Amino acid sequence: MINDRLIDAGGVQIATRDFGGDFGDEPPLLLLHGAGANLAHMTTLARALRPRHRVVTMDLRGHGRSGDGPWTWDAALGDLAAVCVQLELERPAVVGHSLGGMLAALWGQRHPESPGVISLDGNPPPTRPEHLPGLDPEKAATELARLHAVFDGVQAAAGQVIPADQLPDLVEQQQMAARDMGANEKVWVEGFRRNLVHLGGETSIRPSATLTAELRTAMNELDLTPVYAATTCPELVVLPTRDLPQQEPFADLYAAHRRFLVEQAAAIPHLRHLSLADASHAMVIEQPAVLATVITDFLGGRSQ
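Residues numbered from 1 in each chain as written. Predicted model: local features only at pLDDT ≥ 70, side-chain atom pairs only at ≥ 80, totals over all residues. Heavy atoms only, no water.

**Let's talk about the overall build of the protein**
Scanning the protein from terminus to terminus reveals 11 helices and 11 strands. The C-alpha atoms of the protein give 19 Å as radius of gyration, which agrees with the globular expectation for 304 residues (19 Å, within 12%). Once the C-alpha set of the protein is aligned to its principal axes, its extents read approximately 50 × 50 × 35 Å. Classification of the 304 residues of the protein by burial places 52% in the buried group. Long-range pairs, those at least 24 residues apart, make up 73% of the contacts in the protein with a sequence separation of at least 6. Of the side chains in the protein, 24 bear a positive and 37 a negative charge, and the two mean positions are spaced by 4 Å. (Helix = DSSP H or I, 4+ residues; strand = E, 2+ residues; numbered from the N terminus. Rg over C-alpha atoms; globule rule 2.2 N^0.38 Å. Buried < 20%, exposed > 50% of the residue type's maximum accessible area, 1.4 Å probe, protein only. Contact = heavy atoms within 4.5 Å. Lys, Arg positive; Asp, Glu negative; His and termini not counted. Charge placed at Lys NZ, Arg CZ, Asp CG, Glu CD.)

In structure tokens form, the structure reads like this:
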């Protein structure tokens with residue numbers, strides 16, 4: 001039975017969804033979504049994992065139905081800890097996508113007792129030419145400036161009010177996007193609606209402009225190399241092998257960044273890494289059944 005519940009994480013209400021599942025000998029799983037998403041976007045993966053694990057998803061602070069609060073890594077990790085305590089998730093494995101993957105890595109560093117943490121392309125964005133091996137430094141700097149201008153535009157649009165007459169068209173666009181990606185339309189539209197805020201007769205989309213700026217700063221400043229090196233619990237990083245359509249104008253940049261990520265992972269002997277065939281950053285949508293097998297095999301000690 002699926003159960004939705006609000007958790008008090010020290011002044012910020014955190015929305016959770018407990019999918020239940022087989023409690024058996026396998027560890028419980030806490031699934032974390034990426035920036036700009038919410039727990040609904042993890043539904044298909046959660047269902048694929050439920051035959052082997054108790055699965056809990058949550059809206060990160062400032063997303064979905066969770067409350068607002070300043071974004072720091074410590075604050076977000078405190079939210080995770082509160083969820084684990086109040087839902088009685090004892091020694092959970094933590095699996096996160098994108099922003100959620102960064103949190104999973106940080107959780108693993110701080111919780112050596114964890115049965116495992118798995119990052120599904122949870123990597124900070126490239127910010128320096130050295131993050132782009134194989135690219136001429138001058139071209140790397142140019143491409144980074146161009147990419148950051150795109151992120152500037154995304155940040156500027158965050159939290160804007162949506163005219164009421166545009167909402168039906170936006171829902172239809174979400175349905176079309178789901179069909180294009182092979183995602184469950186009902187789940188995808190729930191994810192869109194879950195991030196809507198209706199206040200004072202106006203509607204906007206979460207996360208807010210303030211939180212978006214805080215997230216961007218936090219991710220740009222995060223270096224996971226020492227985090228991976230200091231982690232002693234089992235850890236797996238799953239990396240993409242191709243671009244999203246919106247990444248294709250930056251094909252050289254993203255190819256170089258994937259090389260950097262593989263080199264980074266390979267340089268840490270105890271860190272497992274997998275470059276997932278025919279997968280993009282949207283791997284949670286594209287290959288949920290494959291990822292469920294990867295996750296359960298890794299946590300069960302069956303991965304190679």
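From this point, the discussion proceeds with the structure in view.
**Considering the sheet that holds strand 5 (residues 93-97)**
Remark on secondary structure: sheet strands pair via backbone hydrogen bonds, oriented parallel or antiparallel. Pairing is mixed across the open sheet formed by eight strands, whose spatial order is 1-2-4-3-5-6-10-11. Every other strand in the sheet has two partners, leaving strand 1 (3-8) and strand 11 (272-275) as the edge strands with one partner each. Pairwise comparison of adjacent strand axes, ignoring direction, gives a mean angle of 20° for this sheet. Where strand 3 (residues 29-32) meets strand 4 (residues 55-58), four bridges bridge the pair, whose relative direction is parallel. The residue bridging Leu 30 from the neighbouring strand is Val 56, located in strand 4. (Pairing = 2+ DSSP bridges. Axes fitted to C-alpha atoms, helices over the stretch in contact; angles between N-to-C directions.)

**Description of the pairing of strand 11**
Relative to strand 11, strand 10 (residues 235-239) runs parallel, the two being bridged by four bridges. Within the sheet, the bridge partner assigned to Val 238 lies in strand 11 and is Leu 274. Tracing the backbone out of strand 10, into helix 9 (residues 251-266) and back to the parallel element strand 11 gives a crossover that is right-handed. (Right-handed = clockwise from strand over helix to strand, strands pointing away.)

**Some words on the state of the cysteines**
Chemically, a disulfide is nothing more than a covalent bond linking the sulfur atoms of two cysteines. Taken as a whole and assessed by the stated rule, the structure comprises zero disulfides. Cys 233 provides the cysteine sulfur closest to Cys 84, a residue in no disulfide bond, and the two sulfurs are 13 Å apart. With relative accessibility at 3%, the residue Cys 233 sits in the buried group. (Disulfide = S-S within 2.5 Å.)

**Remarks on the layout of surface pockets**
Taken as a whole, the second largest pocket encloses approximately 210 Å³ of empty space. Around the second largest pocket, the lining comprises 18 residues; the ones closest to its centre are Pro 124, His 131, Leu 222, Asp 223 and Phe 260. Secondary structure elements with two or more residues in the lining of the second largest pocket: helix 7 (209-221) and helix 9. For the lining of the second largest pocket, the element with the most residues is helix 9, which contributes four residues. Tallied by class, the residues present in the lining of the second largest pocket amount to eight nonpolar, seven polar and three charged. (1 Å grid on protein atoms, 1.4 Å probe; cavity = no way out; pocket = protein on both sides within 12 Å on 5 of 7 lines; lining within 4 Å. Points joined across faces, edges and corners; volume = space filled by probe spheres on them. Nonpolar A, V, L, I, M, F, W, Y, C, P; charged D, E, K, R; others polar.)

**Considering the packing of helix 2 (residues 73-86) against helix 3 (residues 99-110)**
It is at 10 Å that the axes of helix 2 and helix 3 come closest, and there the two elements cross at 75°. Considering their axes alone, helix 2 and helix 3 lie roughly perpendicular with respect to each other. Across the interface between the two elements, Trp 73, Asp 74, Ala 76, Leu 77, Leu 80, Ala 81 and Cys 84 of helix 2 pack against Leu 99, Met 102, Leu 103, Leu 106, Trp 107 and Arg 110 of helix 3. Considering only residue class, the contact of helix 2 with helix 3 consists of 11 nonpolar, no polar and two charged. (Parallel < 35°, antiparallel > 145°, perpendicular 65-115°, else oblique.)

**Topic: the pattern of salt bridges**
Applying the stated criterion across every chain, the model contains 16 salt bridges. Between Asp 79 and Arg 61 there is a salt bridge, with the nearest N and O atoms lying 2.7 Å from each other. On the criterion of sequence distance, the pair formed by Asp 79 in helix 2 and Arg 61 in the loop between strand 4 and helix 2 is long-range, its members being 18 residues apart. Accessibility classification places Asp 79 together with Arg 61 in one group, the buried group. Put simply, Asp 278 and Arg 242 hold a salt bridge, and the shortest N to O gap is 2.9 Å. Here the residue Asp 278 occupies a position in the loop between strand 11 and helix 10 (283-286), and Arg 242 occupies one in the loop between strand 10 and helix 9, the gap between them amounting to 36 residues. Asp 278 gets classed as exposed once you look at its relative accessible area, which sits at 53%. Each member of the salt-bridge network shares a partner with another, and the members are Asp 4, Arg 17 and Glu 190. (Salt bridge = Lys/Arg side-chain N within 4 Å of Asp/Glu carboxyl O.)

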